[in-house]
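# Architecture at a glance
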Amino acid sequence: MTTIKIVTDSTADIPAEVRAELGIEMVPLKVHFGNETYLDGVDLTPEAFFEKLASYHALPTTSQPSPVEFAEKYKKLAQDKDTQIISVHLSSMFSGTYQSALLAKSMIDDQADITVVDSKSASYGFGMLVVAAAKAAQEGKTKEEILEMIRTMRQNTSLYFLVDTLDYLQKGGRIGKAAALVGSLLNIKPILSISQEGEVYSVDKVRGQKKAMARIVELIDRDVAGKPIHLTIAHADALEQAHELHQLLKNHFQIESMHYTNIGPVIGTHAGPGTVAAFALPA
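First, a word on what this report is: a plain description of the structure on this page. Keep in mind that what you see is a predicted model, and the values were worked out from it rather than measured. (Residues numbered from 1 in each chain as written. Predicted model: local features only at pLDDT ≥ 70, side-chain atom pairs only at ≥ 80, totals over all residues. Heavy atoms only, no water.)

### Focus on the packing of aromatic side chains
- With the rule as written, the count across this model stands at 7 aromatic pairs.
- Between Phe-49 and Phe-50, the aromatic rings sit 4.9 Å apart at their centres with planes inclined by 70°, giving edge-to-face as the arrangement.
- Given the relative accessible area of 0%, Phe-49 is considered buried.
- The exposure class of Phe-50 is buried, given its relative accessible area of 6%.
- Members of the aromatic cluster, each reached through a chain of ring pairs, are Phe-33, Tyr-38, Phe-49, Phe-50 and Tyr-56. (Phe/Tyr/Trp six-rings, centres within 6.5 Å; stacked < 30°, edge-to-face > 60°. Buried < 20%, exposed > 50% of the residue type's maximum accessible area, 1.4 Å probe, protein only.)

Encoded structure:
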């Protein structure tokens, strides 16, 4: 009997207990504070990361897993010859993680049945796809059915990131120093999303946190056209803001299911503390 195993990377921001419950395998990216290297979500939790970030003088750097790390994971899972592997990863526009996974597949193609998927998304924008895929695998769905479900969910997911400060986007080279300075002085809160091609883009810039959250409600309403939603809110050391956004959404939508998750060290490096994100899928 065929068994389907789901593999992802740490930037999916799936809580460890959910991965354990659903048998999701995770290959971590790395975070570098100077000469210190940590495995995202393995030996550096989101809480420890943001605490360390607050006292660090520069921006940490991040790096993708090597093809060898993926190959080792795939070989271990493929010891049972009836196993098929679906490996879903961070948008190839943000990282070489997807390419590393593809290289690993090519290294052991004769030993394992592996399909590598570019999620064209980030954080729980693809974490929710991975969780749904793992549940479908447990229910006995075929590989083709799961891949089609991933494609459909990706097209229908409404996702918005509200960045608290422009400093991290500026440090990471996403925006210029002058734009960051002016934006900070005017209390501008950028609302970001991810295109179907897997690139970050600015949806809107709103003055003040409350107005920005209200704008996210409007944007999701436009996307889902009044349908009930499955909702996940992710936050970067910003649980209070996450609760506030949840309350606004709860007052406006029929929410069929609701979860919170933490934005992890790698995504947090680029978005910065205080970021909140809403991921909504029509029920």
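### Comments concerning the sheet that holds strand 8 (residues 158-162)
- Reading across from one edge, 10-9-8-13-11-12 is the order of the 6 strands in this open sheet, with mixed pairing throughout. Unpaired on one side and paired on the other, strand 10 (200-207) and strand 12 (255-262) mark the two borders of the sheet. On average, each strand axis in the sheet is tilted by 20° relative to the strand beside it, whichever way the strands run.
- Bridge analysis of strand 9 (residues 188-194) against strand 10 gives 7 bridges, and the strand direction is antiparallel. Across the sheet, residue Leu-192 finds its bridge partner in strand 10, namely Ser-202.
- Helix 5 (residues 124-138) rests against strand 8, strand 11 (229-235), strand 12 and strand 13 (276-282) of the sheet, and its axis sits at about 40° to strand 13.
- Packing against the sheet, helix 9 (residues 209-224) makes contact with strand 8, strand 9, strand 10, strand 11 and strand 13, and its axis sits at approximately 170° to strand 8. (Pairing = 2+ DSSP bridges. Helix = DSSP H or I, 4+ residues; strand = E, 2+ residues; numbered from the N terminus. Axes fitted to C-alpha atoms, helices over the stretch in contact; angles between N-to-C directions. Contact = heavy atoms within 4.5 Å.)

### Some thoughts on the nonpolar core
- By size, the foremost hydrophobic cluster in this structure holds 47 residues, and its most contacted members are Ile-86, Ile-146, Ile-150 and Phe-279.
- Those residues in contact with Ile-150, other than ones at most four positions away along the chain, are Ile-86, Val-88, Val-117, Leu-129 and Ala-133.
- If you look at the next biggest cluster of nonpolar residues, it comprises 22 residues, including Val-206, Ala-212, Leu-219 and Phe-253. (Core = buried A, V, L, I, M, F, W, Y, C linked by side-chain atoms within 4.5 Å.)

### So, the pattern of salt bridges
- Applying the stated criterion across every chain yields a total of 13 salt bridges.
- A salt bridge links Glu-25 to Lys-73, with the shortest nitrogen-to-oxygen separation between them at 3.0 Å. Highlighted residues: Glu-25 in strand 2 (residues 25-27) and Lys-73 in helix 3 (residues 67-77), separated in sequence by 48 residues.
- Note that Glu-69 and Lys-30 form a salt bridge whose closest N and O atoms lie 3.1 Å from each other. Taken together, the residues Glu-69 in helix 3 and Lys-30 in strand 3 (residues 30-33) connect sequence positions 39 residues apart.
- With a relative accessible area of 17%, Lys-30 lands in the buried category.
- Overlapping salt bridges, with partners in common, bring together Asp-204, Arg-215 and Glu-218 in one network. (Salt bridge = Lys/Arg side-chain N within 4 Å of Asp/Glu carboxyl O.)

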